[in-house]
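Single-letter residue listing:
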Amino acid sequence: MDLALDRLLAAANQVILGKQQQIRLAVCCLLARGHLLIEDIPGVGKTTLSHTLARLFGLEYQRIQFTSDILPADIVGSSVFDAHQQLFSFHPGPIFKQMILADEINRATPKAQSALLEAMEERQVTVEGRTYPLPQPFFVIATQNPAHQIGTFPLPESQVDRFLMRIELGYPSRQAERELLSGQPRHVLIDELPVALLPEQLADLQQAADQVYVSPALLDYLQAILAFSRQSTDFASGLSPRAGLGLLAAAKAWALIDKRQAVLPEDLQAVLPAVAGHRLNVGANDSAAIVAPILKHVPVL
Amino acid sequence: MLFMLGSIGLITLPHAWHIPPLLFGFFMLLLLWRLLSVWQPRYLPNRFGVFLLMLLGIGLLYSQQHSVFGRDAGTSLFVVALGLKLLEIHGRRDVYVIVYLAFIVAVTQFLYEESILMALYILLVCGVLLATLITQNSQAPRTLAALKTSAAIILQSLPLALVLFVLFPRLEAPHWSWLDDDTHAKSGLSNTLEPGSIAELSLSPELVFRVKFAGDLPPPAQRYWRGPVYATTDGVSWRAPPVLGRENNPDQLVFTGATYDYTLMMEPQKQNWVFALEMPTQFGAGLRRNGLYQLITNKNPGDRAEYQLSSSPVYNTGGISKTERRENLQLPGKPSDRVVELVKQLQGQPARPEMFIGNLLQHFRQENFHYTLSPDPMPDQPIETFLFERRAGFCSHYATAFVYLLRVAEIPARVVGGYQGGQINDVGGFLEVRQADAHAWAEAWLEGRGWVRFDPTAAIAPERIERGVNVDLQIASGAVNFSAIQLDAKTLSWLQRGRQLWQSVDYNWQRWIINYDTVNQRAFLQSLGIDNFVKLGYWLLISVAGVGGVLAWRLLRPNLRRQDPALMSYRQFCAKLSKAGIKVDVGDGPQTVAERAKGLRPDLAEAIERITAIYIRLRYQSDTEASDLQVLKKLVASFRV
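Chain A carries the name AAA family ATPase in an unreviewed UniProt entry, which gives Methylomonas rosea as its organism.

Further remarks concern the overall build of chain A. Scanning chain A from N- to C-terminus turns up 13 helices and nine strands. Counting over 301 residues, chain A shows a buried share of 52%. Accessible surface, chain A as shown: approximately 13600 Å² in total, 53% of it carbon and sulfur.

With that settled, the discussion passes to the side chain of N106 of chain A. Residue and element names in this part refer to chain A. Relative to the elements of secondary structure, N106 occurs in the loop between strand 5 (99-103) and helix 5 (110-122). Judged by its relative accessible area of 1%, N106 falls in the buried class. A distance of 2.7 Å separates a polar side-chain atom of N106 from the backbone oxygen of N145. When residues no more than four places from it in sequence are discounted, the contact partners of N106 are Q113, Q144, N145, P146, G151, T152 and F153.

Further remarks concern the packing of helix 1 (residues 2-12) of chain B against helix 5 (residues 92-108) of chain B. Residues and elements named next belong to chain B. As a packed pair, helix 1 and helix 5 sit with axes 9 Å apart at the nearest point and diverge in direction by 20 degrees. The pairing of helix 1 with helix 5 is recorded here as roughly parallel in orientation. The hand of the helix 1/helix 5 crossing is left-handed. On helix 5, the residues that touch M4, I8, I11 and T12 of helix 1 are V95, I98, V99, A102, V105 and A106. Grouping the constituent residues of the contact of helix 1 with helix 5 by class yields nine nonpolar, one polar and no charged.

With that settled, the discussion passes to the interface of chain A and chain B. Taken together, the 19 residues of chain A in the interface contact 17 residues of chain B. In total, chain A and chain B occlude about 1400 Å² of area from one another, counting both sides; carbon and sulfur atoms represent 60% of this. Summed over the three residues of chain A that lose the most area to chain B, namely L264, E266 and L301 of chain A, the buried surface amounts to 42% of that side. On inspection of chain A and its partner chain B, the count reaches zero salt bridges. One can count four residue pairs in polar contact (both at pLDDT 80 or more) joining chain A with chain B. Taken together, the residues of the side of chain A that touches chain B sort by class into 13 nonpolar, three polar and three charged.

For the rest of this paragraph, the subject is helix 20 (residues 565-579) of chain B. All names here are of chain B. Given a rise of 1.5 Å per residue, 15 residues ought to cover 21 Å, and the 21 Å separating the end C-alpha atoms of helix 20 matches this to within 8%. Burial in helix 20 covers these residues: A566, L567, S569, Y570, F573, C574 and L577. Take helix 20 and look down its axis: the buried residues cluster within an arc of 160 degrees, on one side only.

What follows concerns the confidence of the model for chain A. Put simply, chain A has an average pLDDT of 85, and 97% of its residues get 70 or more. Taking the mean pLDDT of every element in chain A, the minimum, 80, falls on helix 6 (residues 157-160) of chain A and the maximum, 92, on helix 11 (residues 241-257) of chain A.

Our next topic: the packing of aromatic side chains. Summed over all chains, the structure comprises 27 aromatic pairs over all chains. Judged by centre distance (5.3 Å) and plane angle (50 degrees), the rings of F213 of chain B and Y262 of chain B are tilted. Highlighted residues: F213 of chain B in strand 2 (residues 207-213) and Y262 of chain B in strand 7 (residues 260-266), separated in sequence by 49 residues. The buried category is assigned to F213 of chain B, whose relative accessible area is 9%. Of the aromatic side chains, those joined through ring pairs into one cluster are F209, F213, W225, Y260, Y262, W273, F275 and Y419 of chain B. Of note, R24 of chain A hangs over the ring of W254 of chain A, and the distance from its end group to the ring centre comes to 4.5 Å. Residue placement shows R414 of chain B over the ring face of W451 of chain B; its charged tip is 3.8 Å from the ring centre.

Here we take up the pairing of strand 8 (residues 139-144) of chain A. Residue and element names in this part refer to chain A. Taking burial as the measure, the six residues of strand 8 include six buried ones, the bulk of the element. Alternating residues of strand 8 divide into F139, I141 and T143 and V140, A142 and Q144, and every residue in both groups is buried. Relative to strand 8, strand 1 (residues 35-39) is paired through four bridges, and the arrangement is parallel. Residue pairing in the sheet places L37 in a bridge with A142 of strand 8. Of the pairings in the sheet, the one linking strand 5 to strand 8 comprises four bridges and is parallel in character. For M99, the partnering residue across the bridge sits in strand 8 and is F139.

So, about the nonpolar core. Judged by nonpolar contacts, the single largest core of 101 residues is most densely connected at V27, L31, L36, F57, M165, L247 and V271 of chain A. If near-sequence neighbours (up to four positions away) are discounted, L36 of chain A is found in contact with A26, C29, L53, V140, I141, A142, F163, M165 and I167 of chain A. Grouped together as the second largest cluster of nonpolar side chains are 70 residues, L387, Y404, V408 and V452 of chain B included.

The next point concerns the pattern of salt bridges. Opposite charge on two side chains permits them to pair, given that their charged atoms come into close proximity. One pass over the full model with this rule turns up 33 salt bridges over all chains. As a salt-bridge pair, E104 of chain A and R107 of chain A come within 3.5 Å of each other at their nearest N and O atoms. Ionic pairing is found between R414 of chain B and E324 of chain B, a salt bridge with its closest N-O pair at 3.7 Å. Here E324 of chain B lies in helix 9 (residues 322-327) and R414 of chain B lies in strand 17 (residues 413-420), a separation of 90 residues in the sequence. The burial state of R414 of chain B is the same as that of E324 of chain B; both residues are buried.

Before going further, it helps to spend a moment on a nonpolar patch on the surface. Taken together, L117, L120, L123, V427, L501, W502 and V505 of chain B make up a surface patch of nonpolar side chains, about 590 Å² in accessible area. Positionally, L120 of chain B belongs in helix 6 (residues 116-137).

Another aspect to go through is the sheet that holds strand 11 (residues 287-289) of chain B. All names here are of chain B. Strand order in the open sheet formed by three strands is 8-12-11, with antiparallel pairing between adjacent strands. On the outer flanks of this sheet lie strand 8 (273-274) and strand 11, each paired with one strand and no other. Both strand 8 and strand 12 (residues 295-297) contribute to a ladder of two bridges, which runs antiparallel. Note that in strand 12 the partner of W273 across the bridge is I296.

The next subject is the packing of helix 1 of chain B against helix 6 of chain B. Residues and elements named next belong to chain B. One can describe the packing of helix 1 onto helix 6 by two numbers: an axis separation of 9 Å at closest approach and a directional angle of 160 degrees. When the interaxial angle is binned, helix 1 and helix 6 end up roughly antiparallel. Crossing angle aside, the handedness with which helix 1 passes helix 6 is left-handed. Together, F3, M4, S7, L10 and I11 of helix 1 and Y121, V125, V128, L129, A131, T132 and T135 of helix 6 make up the contact between the two elements. Residues that form the contact of helix 1 with helix 6 fall into these classes: nine nonpolar, three polar and no charged.

About the criteria used
Residues numbered from 1 in each chain as written. Chains lettered and ligands numbered in written order. Predicted model: local features only at pLDDT ≥ 70, side-chain atom pairs only at ≥ 80, totals over all residues. Heavy atoms only, no water. Helix = DSSP H or I, 4+ residues; strand = E, 2+ residues; numbered from the N terminus. Buried < 20%, exposed > 50% of the residue type's maximum accessible area, 1.4 Å probe, protein only. Areas by Shrake-Rupley, 256 points an atom, 1.4 Å probe, with all protein chains shown as cover. Polar contact = N/O pair within 3.5 Å; in protein donor to acceptor, adjacent residues only side chain to side chain. Contact = heavy atoms within 4.5 Å. Axes fitted to C-alpha atoms, helices over the stretch in contact; angles between N-to-C directions. Parallel < 35°, antiparallel > 145°, perpendicular 65-115°, else oblique. Left-handed = near helix turned anticlockwise from the far one by under 90°. Nonpolar A, V, L, I, M, F, W, Y, C, P; charged D, E, K, R; others polar. Buried area = accessible area lost by both parts, 1.4 Å probe. Salt bridge = Lys/Arg side-chain N within 4 Å of Asp/Glu carboxyl O. Expected span 1.5 Å × (residues − 1). Arc of directions from axis to C-beta. pLDDT = per-residue confidence, 0-100. Phe/Tyr/Trp six-rings, centres within 6.5 Å; stacked < 30°, edge-to-face > 60°. Lys NZ or Arg CZ within 6 Å of the ring centre and 35° of its normal. Pairing = 2+ DSSP bridges. Core = buried A, V, L, I, M, F, W, Y, C linked by side-chain atoms within 4.5 Å. Patch = residues over 30% accessible without salt bridge, like charges linked within 9 Å, V, L, I, M, F, W, Y side chains within 5 Å.

Structural data, given as structure tokens:
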């Protein structure tokens with residue numbers, strides 16, 4: 001099983017060059033049963049990363065391109081009149097898939113955004129008074145452009161909070177870019193990607209992540225981080241209990257990817273920018289800079 | 001709210017014994033009213049109602065106390081004010097006023113009682129009051145947590161209180177004696193010896209004084225604690241002779257033999273007598289020995305006081321004056337024929353006094369005389385009735401009859417009152433003398449020997465002298481019982497031991513806490529080398545700063561104490577790394593530290609890796625091995641950079 005995880009990471013690194021850390025975080029996020037938000041300027045490989053992950057995890061996936069005129073019904077589906085049977089029947093929308101790739105989520109109007117985000121939190125959809133459960137597992141990988149770009153509706157704090165992690169990709173390094181430029185087109189590579197994880201293997205891995213040991217000393221450190229974020233004047237608002245739970249789940253998954261049976265402070269530190277960055281400061285997009293004071297001042301020992 | 005009302009009820013409860021029932025009832029009524037209003041707020045009186053109640057309170061106060069000065073009146077004033085304030089709680093400020101007032105009411109309790117139990121009770125109630133303040137200031141009041149916090153606050157304040165108690169100059173408001181309008185009767189010996197007076201006392205377990213001997217204890221037969229002397233009689237009761245003009249020459253007193261040094265702590269008394277072991281040789285300032293060889297204190301007898309005394313059981317008082325001789329031969333009338341006959345028969349006249357006394361004691365011993373605590377009443381001519389008919393009596397009967405017969409035989413004699421014996425407290429090593437140990441014996445003046453003590457009771461019931469009175473049994477059965485003075489540990493029941501322990505604690509409380517007055521404080525401070533106020537100021541400052549510093553340190557670094565030993569070892573390791581120039585930031589995890597250290601000092605990589613691995617296992621993993629901590633300590637100790 002560990003081998004499967006290694007294979008998955010190796011294959012992903014073949015497609016997205018020079019972004020090992022981000023790929024690990026993305027995989028970690030999915031192992032921790034969280035939704036992932038990828039934020040960066042257009043063209044750095046957000047969509048490529050999400051497609052790669054979807055392929056590698058072997059889940060049935062659906063891409064939804066968010067535009068400013070997309071309606072909630074385009075996402076969750078709608079009831080259509082069936083002339084044969086003389087009654088309305090529900091046509092499920094693209095959201096009824098195990099993995100949703102929501103591209104450029106902040107291009108859509110808040111109404112459409114919230115249709116998706118509600119589904120993310122409740123893992124079910126309610127249309128015209130009837131509730132339809134979403135498939136299991138259910139992941140959303142959303143991409144968005146930085147808020148300062150033209151034609152965006154920034155996600156409010158409460159909705160950003162639904163994403164376990166937000167990661168940034170950034171420009172590739174010089175060497176990675178050279179490889180990219182000289183290599184095959186990415187979409188060809190993605191189409192050729194094998195499925196690295198079977199659905200049961202994914203469930204096993206998620207369960208294994210849950211069982212990673214957390215010592216009282218580590219909980220002390222986690223609580224110290226939470227307390228610091230709440231007391232510090234650097235942040236408008238501190239980390240919520242949900243953020244604390246998310247941090248712990250992500251750190252456990254990170255430890256699992258590292259093939260360890262116990263969470264270390266380094267695991268928390270590794271996932272902290274991705275998990276806490278977008279919760280502490282929605283507008284900014286340099287997560288590492290946002291959490292730097294926490295890492296610097298909260299004592300590990 | 002309920003909590004506060006409860007604590008206020010607790011704090012005023014002991015006052016029920018001190019303040020007039022009417023005022024206490026008024027207070028309780030107000031408290032109940034307030035309590036009911038918690039559920040029915042509309043029953044609360046309005047401004048005018050409170051005003052009327054206040055007038056009523058003032059009226060009651062005046063009718064009961066007639067003033068607001070003095071201890072009782074002042075206390076009542078505070079209690080009534082507290083009750084009235086309860087009815088007008090509008091905001092947090094009023095709650096503060098009430099709680100502070102309650103603290104004052106708690107303090108007034110000490111004007112009445114200074115016992116250790118009361119101190120503990122007040123401390124407890126103060127804890128509850130503090131908890132009230134805490135709940136007032138917390139967002140989510142939780143009673144248990146508030147009580148816990150207040151207990152912690154009290155514990156933290158105790159060292160400071162101790163320092164201030166020992167060092168801060170004692171204010172001498174001599175045990176509030178100017179406020180002391182306490183008139184409740186204390187039992188004890190008095191100036192007159194009535195036929196039944198000692199028998200009454202013999203049922204009282206009330207403590208009279210406690211004695212701590214510097215060296216050995218005198219044998220039981222010598223434990224006579226001298227009190228008043230009774231010389232004048234009308235045949236029924238005996239009265240003390242006038243003491244005025246009797247400051248007779250003390251150089252006549254000649255002591256031979258060993259002396260006993262002891263500390264005597266008198267409980268509050270009616271009379272200003274100090275019961276010294278016969279015969280006191282030395283006594284401190286504030287005491288004088290009157291012509292009857294009795295010690296008199298010039299302090300307020302209502303206070304507990306401690307005296308340093310020395311006594312010698314072998315003494316010679318020398319001669320007596322004519323007045324004194326006449327006084328001690330006084331008879332209530334002409335003795336009857338029976339008495340004269342008896343004296344003759346015992347070779348009283350004109351035989352030698354010693355011979356007569358010996359014969360008389362022999363007579364008591366051989367004839368059918370009994371010792372009893374409850375003799376039949378002998379209203380008229382008690383001495384003759386006792387001598388010839390009843391022949392059963394208590395120590396005072398024997399002593400008076402003995403003195404009477406001696407006087408008939410023209411030997412100057414008198415009755416001496418006081419206490420005999422006492423119970424040894426094994427735990428504290430001191431002697432407790434109770435009212436039940438009250439005793440009367442006789443003194444005869446013999447040529448060349450002065451006043452000599454004779455105890456006719458010893459002739460009848462030697463066990464009374466040798467073993468002492470068993471107070472408990474006596475009280476339980478109403479009859480005289482004697483207990484062996486030296487009980488071995490096995491026969492002492494745990495109950496007795498417990499009581500002795502308690503008495504010992506109480507003795508030390510009285511001795512070291514209540515009696516810590518200006519004089520004692522000065523002596524104590526001088527033994528520390530503090531002789532002026534500047535030095536005392538420095539001491540106070542240093543002690544308070546020291547205690548405060550320790551407390552602050554503990555409060556500000558709360559997690560230092562409950563630390564993981566593994567973490568301590570790892571800290572040492574980090575300190576060693578820092579010395580070698582490898583920077584360790586607070587936010588660095590163990591692996592980060594290890595990577596950096598290995599990068600900078602590849603030569604130490606192996607040791608660093610091992611220490612880090614064991615530390616991680618100890619601190620973060622579930623599969624810790626028992627030996628890990630030892631290994632880690634050893635590795636860190638042997639780690640050299």
